[in-house]
Amino acid sequence: MTELIGDNIDDTEYGKYFFIYKRVEHGNKIVIYLKSKPHETPCPVCGVATRKLAATYHRVMQETPYCNKNVTLDITAYKYYCLNPKCKRNVFCERLPFAGKNQVRTKELCKFILLNSLNTSNNQSSINLSYLGVKIGREAIQKMYDRLHFKDDPNIKSIGVDDISVKKGSKYATMVYNLKTGNQRLCSKDGTENHLDVG
Ligand SMILES: [Zn+2]
């Protein structure tokens, strides 16, 4: 086991209220230990800011790989009291700027997974990602696609449409391109999705 960085190393990579205090590498796995600094934060229910600490809480999530090694974040953050007497929430967990509520992957890792899965099947993507240091099954990739929301852009004047082969040619998905910007969107994958817009 190799400790890469000692205690109390400031780092703003995860927002100004979080700092890395330790990194540990063991084989092809890296664990980054993050801690929150006490700060003023709004209650997610009423929006009133508070600084009154209630307790700490612990979260573990997967981060984007480093040198194709699997990276885990071990996070210690705070719970705060809401001091607004009219609010129904007494204690709340501070939000993490780099991950959604109840998510087990950082936002950056979600982007990494989706971009790596765009032109291939979920199964093949899961295998490819495992070589890059990301652990995710094909069902979890599909769930990430299912949660995506696409916004219509009425200003698009011209599009291109392509079929791409997935699952070794046994299935096809449709890609739609915004010809002006080159942006692309997957319209159907494994025959399950029907989004049709390009941003
Ligand atoms: Zn509140």
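Conventions we followed
- Residues numbered from 1 in each chain as written.
- Predicted model: local features only at pLDDT ≥ 70, side-chain atom pairs only at ≥ 80, totals over all residues.
- Helix = DSSP H or I, 4+ residues; strand = E, 2+ residues; numbered from the N terminus.
- Buried ≥ 20, exposed ≤ 12 C-beta atoms within 10 Å, placed from the backbone.
- Contact = placed C-beta atoms within 7 Å.
- Pairing = 2+ DSSP bridges.
- Axes fitted to C-alpha atoms, helices over the stretch in contact; angles between N-to-C directions.
- Parallel < 35°, antiparallel > 145°, perpendicular 65-115°, else oblique.
- Left-handed = near helix turned anticlockwise from the far one by under 90°.
- Nonpolar A, V, L, I, M, F, W, Y, C, P; charged D, E, K, R; others polar.
- Core = buried A, V, L, I, M, F, W, Y, C linked by C-beta atoms within 7 Å.
- pLDDT = per-residue confidence, 0-100.

### Section: the overall build of the protein
- For the protein, the count of helices and strands is three helices and eleven strands.
- When each of the 199 residues of the protein is scored for burial, the buried share is 18%.
- Restricting the contact set of the protein to residue pairs at least 6 apart, pairs at least 24 apart contribute 42%.

### A few points about the pairing of strand E3 (residues 29–36)
- Where strand E2 (residues 18–26) meets E3, eight bridges bridge the pair, whose relative direction is antiparallel. What sits directly across from isoleucine 20, in E3, is leucine 34.
- Where E2 folds back on E3, the antiparallel hairpin that results is connected by two residues, among which glycine 27 adopts a positive phi of roughly 60°.
- Bridge count between E3 and strand E7 (residues 69–81): seven bridges; the pairing is parallel. Across the sheet, the residue bridging to leucine 34 is isoleucine 75, located in E7.

### Examining the packing of helix H2 (residues 122–132) against helix H3 (residues 138–146)
- Running from N to C, H2 and H3 cross one another at 110°; their axes reach a closest spacing of 8 Å. On the basis of the axis angle, H2 is roughly perpendicular to H3. In this structure, H2 crosses over H3, and the sense of that crossing is right-handed. Contacts between H2 and H3 involve Asn122, Asn123, Ser125 and Ser126 on the former and, on the latter, Arg138, Ile141 and Gln142.
- Taken together, the residues of the contact of H2 with H3 sort by class into one nonpolar, five polar and one charged.

### A few points about unusual backbone geometry
- Although it is not a glycine, cysteine 67 adopts a positive phi angle of roughly 50°.
- Counting through the fold element by element, cysteine 67 comes out in the loop between strand E6 (53–66) and E7.
- Its identity is not glycine, yet asparagine 68 carries a phi of approximately 60°, on the positive side.
- Position of asparagine 68 relative to the elements: it lies in the loop between E6 and E7.

### As for the nonpolar core
- Of all hydrophobic cores here, the largest spans eleven residues; its members are Tyr14, Phe18, Ile20, Ile30, Ile32, Leu34, Val71, Leu73, Ile75, Leu96 and Ala99.
- Going through the elements one at a time, E2, E3 and E7 are the ones with two or more residues in this core.
- Counting six residues, the second largest nonpolar core, distinct from the first, contains Ile113, Val134, Ile136 and Ile141.

### Focus on the confidence of the model for the protein
- When pLDDT is averaged across the protein, the result is 83; 81% of the residues are at 70 or more.
- Ranking the elements of the protein by mean pLDDT puts strand E1 (residues 2–5) last with 45 and E7 first with 97.
- Taken as a whole, residues 190–199 scores under 50 in pLDDT and shows 30 contacts with residues more than four places along the chain or in a different chain.

### As for the packing of helix H1 (residues 107–117) against H2
- In the contact formed by H1 and H2, the axes pass within 9 Å of each other and the chain directions differ by 125°. It follows that H1 is oblique to H2 by the angle criterion. Where H1 crosses over H2, the handedness of that crossing is right-handed. Touching Ile113, Asn116 and Ser117 of H1 are Asn122, Ser125, Asn128 and Leu129, all from H2.

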